[in-house]
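Remarks on the overall topology
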Amino acid sequence: MRFTIGHYTISDELPKLFKEANVLYWARALLTFSYEYIDHCVSNASEPPPFHIPRLRFVEAGLALSHDQVQPGHKSKMPRAGYLVEELITDDFLKYIHNMDCNPMLDPYEVGYEIAAFLACTQRIQYAKTGGLAFISDYQGMRHCVVSDLVG
């Protein structure tokens, strides 16, 4: 078999990269919102919850654009290339929740199940508090850091 590695033209690729960066931005905001809601509920409860609440975060990411050097007095041209730059994940990578099922992908006896169950809880908070408009539908990552492919 022969495979060819291809890529989009910059005019096709940039909108896709901006969309992915925007999804990461909104996913981070939704996770932060979930923690604020949980913290509010815990602070107003008569006693602390009987379980540990994991403190997770999304990978650091950003959009990098490469431009040609511009001569003084000339206008900048369209970028030559665009890159979505994400933090390197060095630990074991786990798929916690798949975007086609809101239940944890892990079984209760597997390492990471507690985090997967917590992330399922954050999905329910996001869905309920946004009136069904948005929730993070695909959680994956390492034990202290998560990434998401989709915001529903």
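Because the structure is a prediction, the values reported are computed rather than measured.

**Thoughts on the overall build of the protein**
Helices and strands together make up the secondary structure of the protein, namely two helices and six strands. Of the regular secondary structure in the protein, the N- to C-terminal order runs α-β-β-β-β-α-β-β. Referenced to the eigenvectors of the C-alpha coordinate spread, the extents of the protein come out at roughly 65 × 45 × 30 Å. Residue burial in the protein is summarised as follows: out of 152 residues, 30% are buried. Look at the contacts in the protein between residues 6 or more apart in sequence, and 57% of them connect residues 24 or more apart. Here the protein has roughly 10,600 Å² of accessible surface; of this, 58% comes from carbon and sulfur atoms. Looking at the protein, you have 13 positive and 18 negative side-chain charges, and the mean spots of the two groups are 10 Å apart.

**So, the side chain of Ser34**
Tracing the backbone shows Ser34 in helix α1 (residues 10–44). A relative accessible area of 0% means that Ser34 is categorised as buried. For Ser34, the residues in contact, after removing those within four places along its chain, are Thr122, Ile125 and Gln126.

**Regarding the pattern of salt bridges**
Side-chain pairs of opposite charge can arise where the charged atoms are in close proximity. Under the counting rule described, the total for this entry stands at five salt bridges. Ionic pairing is found between Glu87 and Arg57, a salt bridge with its closest N-O pair at 2.8 Å. Note that Glu87 is positioned in the loop between β3 (81–86) and β4 (94–97) and Arg57 in strand β1 (residues 57–58), a separation of 30 residues in sequence. Accessibility expressed as a relative area gives 25% for Glu87, which makes it partly exposed.

**Things to note about the environment of His98**
Here His98 lies in the loop between β4 and α2 (113–129). Spatially, the C-alpha atom of His98 lies 6.7 Å from that of Tyr139, the residues being 41 residues apart in sequence. Not counting residues up to four positions away in its chain, the partners in contact with His98 are Met105, Ser137 and Asp138. Among the polar contacts made by the side chain of His98, one reaches the side chain of Asn99 at a distance of 3.1 Å.

Reading guide: rules and limits
- Residues numbered from 1 in each chain as written.
- Predicted model: local features only at pLDDT ≥ 70, side-chain atom pairs only at ≥ 80, totals over all residues.
- Heavy atoms only, no water.
- Helix = DSSP H or I, 4+ residues; strand = E, 2+ residues; numbered from the N terminus.
- Buried < 20%, exposed > 50% of the residue type's maximum accessible area, 1.4 Å probe, protein only.
- Contact = heavy atoms within 4.5 Å.
- Areas by Shrake-Rupley, 256 points an atom, 1.4 Å probe, with all protein chains shown as cover.
- Lys, Arg positive; Asp, Glu negative; His and termini not counted.
- Charge placed at Lys NZ, Arg CZ, Asp CG, Glu CD.
- Salt bridge = Lys/Arg side-chain N within 4 Å of Asp/Glu carboxyl O.
- Polar contact = N/O pair within 3.5 Å; in protein donor to acceptor, adjacent residues only side chain to side chain.

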